Amino acid sequence: VYISLPTSFHLHWALAALNAGKHVLLEKPAVLDASEAEVLLEAAKKSRKVVFEAAHYRFHPAARRFKQLVSAGSTPPNFLEVRFSMLDPPALLARLGDSDADAAESERSQAERQHERVKNLDRWWYCVDMLMWSTGTKDAEVLAASETRFAMSAALRLSPQLTANISMARDSLMDPFTWTVAARSDTETFELRNFGFPFLWHRLNVRRGGNQNSETLYGEGETTFEHQLGYFREAVLNPELQESFLPTMRVVDRILEASGNGALKEKVMGVC
């Protein structure tokens, strides 16, 4: 079963599919927080079925090449940056119309605030997931975080030697589209542009010392979704290939807590 509903609906319908004896390809983010992840993964374990998060970008050759470079560089990276900015015209108009931001925020209902926060999560989740997946990290300390109506940013420490910044914006007219991840060490920089939809276009820049070259990996032109379907099939045949989405959601929870706005608590069916 493929579940493409908004994230607020995922837990309910994924559990229903598992109870019906079905494997599940579940859109990203798979769940709203770590507690939902624990419930869903435990249900998958008991049912002996696969719940496969549709992190489609991971399965494209360009993303996998970036991960390979990060792990096989001559020196380990000490800093990563992930940026996702995709202009959402209604968000820009709403921000421009909020002459008094504090008053506008107080007038919005809990459901409206929840709706915006989940829409934000659907985008900045990519930043957290790419950060952790590409480095093979299972945990991260959140040093600072800021969440506004249409944006999110955070500073994280993945290890004593490795720090990272993530940022997402839906209302930036000056930066209408950026979908980039970069890893830097003292001697190397790897940068993948448009890691979300690399089958449309991408560029993998590799800089070593004073030398720079670029790579593109389009294969036969397959989309990220076609690659993903193949990996989902392999996970169904061999469930050990399934990757847990729990570590990412634990870091998501910490970012929301550090931002001062707290977790996405109002999980009301139909809100989003």
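All residue numbers here refer to positions counted from 1 along the written sequence of the relevant chain. Given that the model is predicted, a residue must reach a pLDDT of at least 70 before its local features are reported, and side-chain atom pairs must reach 80 or more before they are shown or counted; all residues, however, enter totals for whole chains, interfaces and linings. Excluding hydrogens and water, the side-chain figures rest on all heavy atoms present in the structure.

- Per an unreviewed UniProt entry, the protein carries the name D-xylose 1-dehydrogenase (NADP(+), D-xylono-1,5-lactone-forming) and comes from Effrenium voratum.
- UniProt positions are given in the numbering used here, feature names are shortened, and annotations may be inferred rather than shown by experiment. Quoted straight from UniProt, the Sequence similarities (unreviewed entry) entry for the protein says "Belongs to the Gfo/Idh/MocA family."
- Here the protein is described in UniProt, under the heading Catalytic activity (unreviewed entry), as follows: "D-xylose + NADP(+) = D-xylono-1,5-lactone + NADPH + H(+)".

Considerations on helix H2 (residues 34-47)
Item 1. Spanning 14 residues, H2 covers 20 Å between terminal C-alpha atoms, matching the ideal 20 Å at 1.5 Å per step.
Item 2. To sort residues, take the accessible area from a 1.4 Å probe on protein chains only and compare it with the maximum for the residue type: under 20% means buried, over 50% means exposed, and anything in between is partly exposed. The helix and strand labels rest on DSSP assignments: H or I over at least four residues marks a helix, E over at least two residues marks a strand, and numbering proceeds from the N terminus. When H2 is considered as a whole, its buried residues turn out to be Ala34, Glu36, Ala37, Leu40, Ala43 and Ala44.
Item 3. Its buried side turned inward, H2 meets helix H1 (10-19), strand E2 (24-27), strand E3 (51-54) and helix H8 (246-259). To estimate how far a helix should reach, multiply one less than its number of residues by 1.5 Å. Contacts are assigned to residue pairs with any non-hydrogen atoms lying within 4.5 Å of each other.

Focus: the packing of aromatic side chains
Item 1. Two rings from Phe, Tyr or Trp (for Trp, the six-membered ring) form a pair when their centres sit within 6.5 Å of each other. Planes less than 30 degrees apart are called stacked, planes more than 60 degrees apart edge-to-face, and all others tilted. If you walk through the whole model with that rule in mind, you get 17 aromatic pairs.
Item 2. Geometrically, the ring pair formed by tyrosine 126 and tryptophan 179 is edge-to-face, given 5.0 Å between the ring centres and 90° between the ring planes. A residue pair is termed long-range when its members are at least 10 positions apart, and tyrosine 126 in helix H6 (residues 110-135) and tryptophan 179 in strand E8 (residues 177-184) qualify at 53 residues. One exposure class covers both tyrosine 126 and tryptophan 179, and it is buried.
Item 3. Between phenylalanine 177 and tryptophan 179, the ring centres sit 6.4 Å apart and the planes meet at 80°, which makes this aromatic pair edge-to-face.
Item 4. Residue phenylalanine 177 is classed as partly exposed on the basis of its relative accessible area, which comes to 35%.
Item 5. The buried category is assigned to tryptophan 179, whose relative accessible area is 1%.
Item 6. Taken together, the ring pairs connect Tyr57, Phe84, Trp125, Tyr126, Trp133, Phe177, Trp179, Phe195, Phe197, Phe199, Trp201 and Phe225 into an aromatic cluster.

Let's talk about the UniProt feature "domain: Gfo/Idh/MocA-like oxidoreductase N-terminal" (unreviewed entry) in the protein
Item 1. Annotation from UniProt places "domain: Gfo/Idh/MocA-like oxidoreductase N-terminal" (unreviewed entry) at residues 1-52.
Item 2. Regarding residues 1-52, the helix share stands at 46% and the strand share at 15%, and the terminal C-alpha atoms are separated by 10 Å.

Re the sheet that holds E2
Item 1. An order of E1-E2-E3 is seen for the three strands of this open sheet, with the pairing classed as parallel. Since the sheet does not close on itself, it has two edges, and those belong to strand E1 (2-3) and E3, each with one partner.
Item 2. One bridge is not enough; two strands pair if DSSP finds at least two bridges between them. In terms of strand pairing, E1 meets E2 through two bridges, oriented parallel. Each bridged residue has a counterpart across the sheet, and for tyrosine 2 the counterpart in E2 is leucine 25.

Concerning the side chain of arginine 170
Item 1. With respect to the helices, strands and loops of the structure, arginine 170 is situated in the loop between strand E7 (162-169) and E8.
Item 2. You can call arginine 170 buried: its relative accessible area is 1%.
Item 3. A 3.5 Å cut-off defines polar contacts: any pair of N or O atoms within that distance qualifies, except that in protein one atom must be a possible hydrogen donor and the other a possible acceptor, and neighbouring residues in sequence count only when both atoms are side-chain atoms. In terms of polar contacts, arginine 170 uses its side chain to reach the side chain of asparagine 120, at 2.8 Å.

Quick word on unusual backbone geometry
Item 1. The peptide bond linking lysine 28 to proline 29 adopts the cis configuration, its omega dihedral lying at -15°.
Item 2. Relative to the assigned elements, proline 29 resides in the loop between E2 and H2.
Item 3. Unlike most non-glycine residues, arginine 48 shows phi in positive territory, near 60°.
Item 4. You can see arginine 48 is positioned in the loop between H2 and E3.
Item 5. For arginine 48, a relative accessible area of 74% puts it in the exposed group.
Item 6. Non-glycine residue asparagine 194 carries a positive phi angle of around 60°.
Item 7. If you trace the backbone, asparagine 194 turns up in the loop between strand E9 (188-193) and strand E10 (203-208).

Some remarks on the nonpolar core
Item 1. Judged by nonpolar contacts, the single largest core of 64 residues is most densely connected at Trp124, Leu156, Ile166 and Ile255.
Item 2. With 11 residues, H6 is the single largest residue contributor to this core.
Item 3. When sequence neighbours within four positions are dropped, the list of residues in contact with tryptophan 124 reads Met152, Ile166, Met168, Val252, Ile255 and Leu256. Among the buried residues, those of types Ala, Val, Leu, Ile, Met, Phe, Trp, Tyr and Cys that are joined through side-chain atoms within 4.5 Å form a nonpolar core.

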